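Each chain, written out:
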Amino acid sequence: MPGYPIAVSILVQLFTAQLWEPRLISLVAALATAGLAAMIVRLETLNWTVAVSSCGFVLAGFGLLVGQPEVARPEIVMMALSLGAFFALRTIRGMTGAVAAAILLTAACLVHAQAVWFVAAAIFYLAYEERPRLITFTACAIVLGGGSYLALSMLLGPWFNYNAWDGVVQSLKFNPGELVRYAGDQLLGRLGVLTMAVVLSCSMPTAPWLGPGGMWWSMGFATVGAGLIATQSSFAGPQVLVPIVVLLALLGPISMQKITRHLSAWPGSTRLGGEGVVLAGLSLQFFMFFSRLSTHF
């Protein structure tokens, strides 16, 4: 998608062509994503320790799992815009939040087509939890997204349509080995502590995907589906992990906090003990990240 090259071209016109320009955009997007993750986790847990840990998970995941942090990647920019869209939907009430989310998600789709999954996730969440805003968001997303696609198709010609959809579809080939590696090596291996916390939170008396915070679960389901399909592409690489790293950095700490709060309410349990379990879980995941430092050195 042309969004990322267009953003780079603006800097090229100002400073001539330099390698730092695409890297700067990617770095700013990575820092914005980490900051948004901290704000979201703080909003949902009211705990700064867990929020800062979430920020660290995003940056460590980008640097140690996705690849060198200085490499320019459109997926990182797409995640910053998508996360900002859902944050706007969560914090800005009324139709204003729906319009802001639609604008940001349209921009994300122009950077990387994988953001279409997040548009679907937002529609699903609003249809289930906030139907008054569903029509506004859907109408804005269709008008902005469809209008942008038509404008780019007319401006860039038939090669835009091919690279946006035909080339992507033709690159998909069923590869069960990659599916197993994605689920076993990545989700249950390197991100195993966060994944298990998310799975265990499903046993809570109240389903975690209900209520205002349920939008992060909708985004998480979309991320898993997008990641599984992305592994089947011949162009698949470490960048496939960008969305799942971000979403587990959100859902993992939030799930840990909710589980320990529930368990600490039982007779004989203490809040201090529950906080200790949360810190132990966060530390184990950081250990998993840092175990890859030797490879990078």
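Residues numbered from 1 in each chain as written. Predicted model: local features only at pLDDT ≥ 70, side-chain atom pairs only at ≥ 80, totals over all residues. Heavy atoms only, no water.

**Comments concerning the overall build of the protein chain**
Here is step 1 of the chain: Each helix and strand counted, the protein chain has 14 helices and 0 strands in total.
Here is step 2 of the chain: For the protein chain, the N- to C-terminal ordering of α and β elements is α-α-α-α-α-α-α-α-α-α-α-α-α-α.
Here is step 3 of the chain: The C-alpha atoms of the protein chain give a radius of gyration of 20 Å, which matches the 19 Å a tight globule of 297 residues would have.
Here is step 4 of the chain: Overall, the protein chain is about 70 × 50 × 40 Å in size when its C-alpha atoms are taken along their principal axes.
Here is step 5 of the chain: Within the span of the protein chain, comprising 297 residues, buried residues form 47% of the whole.
Here is step 6 of the chain: In the protein chain, the proportion of contacts linking residues at least 24 apart, taken out of those at least 6 apart, comes to 76%.
Here is step 7 of the chain: Carbon together with sulfur atoms contributes 73% to the accessible area of the protein chain, which is approximately 14400 Å² in total.
Here is step 8 of the chain: In the protein chain, 14 positive and 10 negative side-chain charges are present, and the distance between their average locations comes to 6 Å. (Helix = DSSP H or I, 4+ residues; strand = E, 2+ residues; numbered from the N terminus. Rg over C-alpha atoms; globule rule 2.2 N^0.38 Å. Buried < 20%, exposed > 50% of the residue type's maximum accessible area, 1.4 Å probe, protein only. Contact = heavy atoms within 4.5 Å. Areas by Shrake-Rupley, 256 points an atom, 1.4 Å probe, with all protein chains shown as cover. Lys, Arg positive; Asp, Glu negative; His and termini not counted. Charge placed at Lys NZ, Arg CZ, Asp CG, Glu CD.)

**Description of the nonpolar core**
Here is step 1 of the chain: Counting 75 residues, the largest nonpolar core has Phe-86, Phe-118, Phe-137 and Trp-216 as the members making the most contacts within it.
Here is step 2 of the chain: For this core, the element with the most residues is helix H12 (residues 242-264), which contributes 11 residues.
Here is step 3 of the chain: Contact partners of Phe-118, with chain neighbours within four places excluded, come to Met-78, Met-79, Ser-82, Phe-86, Leu-105, Met-219, Ala-222, Thr-223 and Pro-243. (Core = buried A, V, L, I, M, F, W, Y, C linked by side-chain atoms within 4.5 Å.)

**As for the side chain of Thr-33**
Here is step 1 of the chain: One can find Thr-33 in helix H2 (residues 20-45).
Here is step 2 of the chain: Among all residues touching Thr-33, those that are not within four sequence positions of it are Val-58, Ile-76, Met-79, Ala-80, Leu-83 and Val-246.

**Structural notes on H2**
Here is step 1 of the chain: Taking 1.5 Å per residue, 26 residues should reach 38 Å; H2 reaches 37 Å between its end C-alpha atoms and fits that length.
Here is step 2 of the chain: Leu-46 lies just past H2 and shows a positive phi near 60°. (Expected span 1.5 Å × (residues − 1).)

**Structural notes on a nonpolar patch on the surface**
Here is step 1 of the chain: On the surface, Ile-6, Ile-10, Leu-14, Phe-15, Trp-20, Leu-24 and Val-28 cluster together into a nonpolar patch covering about 670 Å² of accessible area.
Here is step 2 of the chain: Secondary-structure elements contributing two or more residues to the nonpolar patch are helix H1 (3-15) and H2.
Here is step 3 of the chain: For Trp-20, a relative accessible area of 38% puts it in the partly exposed group. (Patch = residues over 30% accessible without salt bridge, like charges linked within 9 Å, V, L, I, M, F, W, Y side chains within 5 Å. Salt bridge = Lys/Arg side-chain N within 4 Å of Asp/Glu carboxyl O.)

**Some points on the UniProt feature "transmembrane region" (unreviewed entry) in the protein chain**
Here is step 1 of the chain: Those residues carrying the UniProt feature "transmembrane region" (unreviewed entry) are residues 24-41, 48-66, 72-89, 101-128, 134-152, 191-210, 240-256 and 276-293 in this numbering.
Here is step 2 of the chain: Annotated as residues 101-128, this span is 86% helix and 0% strand, and its ends, taken at the C-alpha atoms, are 17 Å apart.
Here is step 3 of the chain: In residues 276-293, the share of helix is 89% and the share of strand is 0%. The end C-alpha atoms are 26 Å apart. (UniProt positions renumbered as here; feature names shortened; annotations may be inferred.)

**Side note on the packing of aromatic side chains**
Two aromatic rings, taken as a pair, are described by how far apart their centres are and by the angle between their planes.
Here is step 1 of the chain: Here the structure, examined in full by the defined rule, presents 8 aromatic pairs.
Here is step 2 of the chain: Considering the side-chain rings of Phe-86 and Trp-216, the 6.4 Å spacing of their centres and the 40° angle between planes classify their relative orientation as tilted. Of this pair, Phe-86 sits in helix H4 (residues 74-91) while Trp-216 sits in helix H11 (residues 214-230); the two residues are 130 residues apart in sequence, bridging distant segments of the chain. Summarising the burial analysis for this pair, Phe-86 and Trp-216 share the class buried.
Here is step 3 of the chain: Among the aromatic residues, ring-to-ring pairing joins Trp-209, Trp-217 and Phe-221 into one connected group. (Phe/Tyr/Trp six-rings, centres within 6.5 Å; stacked < 30°, edge-to-face > 60°.)

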